[in-house]
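Structure assessment
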Amino acid sequence: MSLRVTIASLTLRHPIMLASGILGTTPSMLIKAYKSGASAVVTKSLTINPRNGNPNPVIVELRYGLLNAIGLANPGVENYLAECLEVKDDLSRIPIVFSIAGTKIEEYVEIARLISERGLGRALELNLSCPHVQETRLFTEDPKLAAQVVKSVCDVTSLPVFVKVGLSTNLIDVVNAVVKHGASAITAINSVRAMVIDINAKKPVLSSVYGGLSGPAIKPIALRVIYELYENFSIPLIGVGGITKWQDVVEFLMAGASAVQVGTAVYKRGFRVFKELVRGLQRYMEKEGLKDVRDLVGLAH
Ligand SMILES: Cc1cc2nc3c(=O)[nH]c(=O)nc-3n(C[C@H](O)[C@H](O)[C@H](O)COP(=O)(O)O)c2cc1C
């Protein structure tokens, strides 16, 4: 039985990756995630300058997921790359995708250039859709701007460029624009802008008012986005949003994703989730008499 999938130039041992921002804030955590069973790992989104993020509280646990407004807290690209170099040998053996966030096109380009020069990553994922950082969000809502970022980044790197999109009304136009300008895959979706109110304090719970909703609450939305993108484009799709059980993985593959990423479920249950999902997927394939996981991709169309 083969679980191998290919996304642009990346061949993965199975379709289940670690999503950006989840326990992937240090390179050694990424290595641990891979050793625990993830087929590829995505870094926390890196910005040009270090960011402290928003003041607490930044995470609210909900029955049906998480609401977070971390505010892209990260050590900045140069510091992160320096940490990566310390574990370069281990990192070079795993498919690592560097996630990039910026407030201007030039920042995306500069970060992409720095990562490519160090020869560290296997792919870049452009976060054009952080729901609680205003400047980043704009990119996913404007097809021209999104296309410009992708084109400019592709000019300075030979790494495949994945574009991570969020929930927006003009998603088809945005994806159309980035596909034309060099995107190698689309990752969908980011967390969804949402909020919670504390009725005793009579105030929003998060210091930043709005945050990003993730976990089971957004799964049907993410699944719909993947299904719709598969109907409209032939570019590889990476599905993300609310995957907690192996059945969710199968659904995303059938909707048209070639691979999936898992975030909130790892946050809540730890790295053992990867092996559980892979085992469930394998058993399902055995039961169905399937020899190749790629035969599941798009099966529900
Ligand atoms: C705590 C937390 C931090 C996140 N940070 C990032 C980030 O830095 N960059 C990014 O592209 N997505 C980030 N995300 C979004 C996830 O990668 C993913 O798209 C989203 O959570 C939906 O997947 P899930 O339901 O499996 O968590 C973050 C999500 C959470 C919960």
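Keep in mind the model is a prediction, meaning the values are calculated, not measured. (Residues numbered from 1 in each chain as written. Predicted model: local features only at pLDDT ≥ 70, side-chain atom pairs only at ≥ 80, totals over all residues. Heavy atoms only, no water.)

1. Regarding the overall build of the protein
Counting its secondary structure elements, the protein contains 11 helices and 16 strands. By the compact-globule yardstick of 19 Å for 301 residues, the protein fits well, its C-alpha radius of gyration being 18 Å. With the C-alpha coordinates aligned to their principal axes, the bounding extent of the protein is approximately 50 × 50 × 40 Å. Per-residue burial over the protein gives 55% buried out of 301 residues. Taken as two groups, the 33 positive and 26 negative side-chain charges of the protein have centres that lie 5 Å from each other. (Helix = DSSP H or I, 4+ residues; strand = E, 2+ residues; numbered from the N terminus. Rg over C-alpha atoms; globule rule 2.2 N^0.38 Å. Buried < 20%, exposed > 50% of the residue type's maximum accessible area, 1.4 Å probe, protein only. Lys, Arg positive; Asp, Glu negative; His and termini not counted. Charge placed at Lys NZ, Arg CZ, Asp CG, Glu CD.)

2. Some points on the pattern of salt bridges
In a structure, side chains of opposite charge can pair up when their charged atoms sit close to one another. In this structure the tally under the stated criterion is 14 salt bridges. For the salt bridge of Arg-118 with Glu-78, the shortest nitrogen-to-oxygen distance reads 3.2 Å. Residue Arg-118 is found in helix α4 (residues 105-118), and its partner Glu-78 is found in helix α2 (residues 77-86); the two are separated by 40 residues along the sequence. Look at Arg-118 and you get partly exposed, because its relative accessible area is 25%. Ionic pairing is found between Asp-90 and Arg-93, a salt bridge with its closest N-O pair at 3.2 Å. On the basis of relative accessible area, Arg-93 is assigned to the exposed category, the value being 57%. (Salt bridge = Lys/Arg side-chain N within 4 Å of Asp/Glu carboxyl O.)

3. A word on α4
Because the α-helix completes a turn every 3.6 residues, residues three or four places apart line up on one side. The terminal C-alpha atoms of α4 lie 21 Å apart, and with 14 residues this matches the ideal 20 Å at 1.5 Å per residue to within 8%. Looking one or two residues beyond α4, the residue adopting positive phi is Gly-119, at roughly 65°. (Expected span 1.5 Å × (residues − 1).)

4. A closer look at the pairing of strand β14 (residues 211-214)
Direction of pairing for strand β6 (residues 65-68) relative to β14: antiparallel, over a ladder of three bridges. Its bridge partner lying in β14, Leu-67 is registered against Leu-213. Of the strand pairs in this sheet, strand β11 (residues 192-194) and β14 are connected by three bridges, and their pairing is antiparallel. Bridge pairing links Val-192 to Leu-213 in β14. (Pairing = 2+ DSSP bridges.)

5. A look at the sheet that holds strand β5 (residues 59-62)
Strand order in the open sheet formed by four strands is β5-β6-β14-β11, and the pairing between neighbours is antiparallel. Edge positions in the sheet fall to β5 and β11, since each has one partner strand and no second. The average angle at which neighbouring strand axes cross in this sheet is 30°, direction not considered. Summarising the sheet, β5 and β6 pair through four bridges and their orientation is antiparallel. Among the inter-strand pairings, Leu-62 is bridged to a residue of β6, identified as Gly-65. (Axes fitted to C-alpha atoms, helices over the stretch in contact; angles between N-to-C directions.)

6. Let's talk about the pairing of strand β16 (residues 259-262)
Residues Ala-259 and Gln-261 line one face of β16 and the alternating positions Val-260 and Val-262 line the opposite face, and both faces are buried. Note that strand β3 (residues 16-18) and β16 share three bridges and pair parallel. Each bridged residue has a counterpart across the sheet, and for Leu-18 the counterpart in β16 is Val-262. Relative to β16, strand β15 (residues 237-240) runs parallel, the two being bridged by three bridges. Counterpart to Gly-239 in the pairing with β16 is Val-260. You can see the chain leave β15, run along helix α9 (residues 246-255) and come back into β16, and the turn it takes is right-handed. (Right-handed = clockwise from strand over helix to strand, strands pointing away.)

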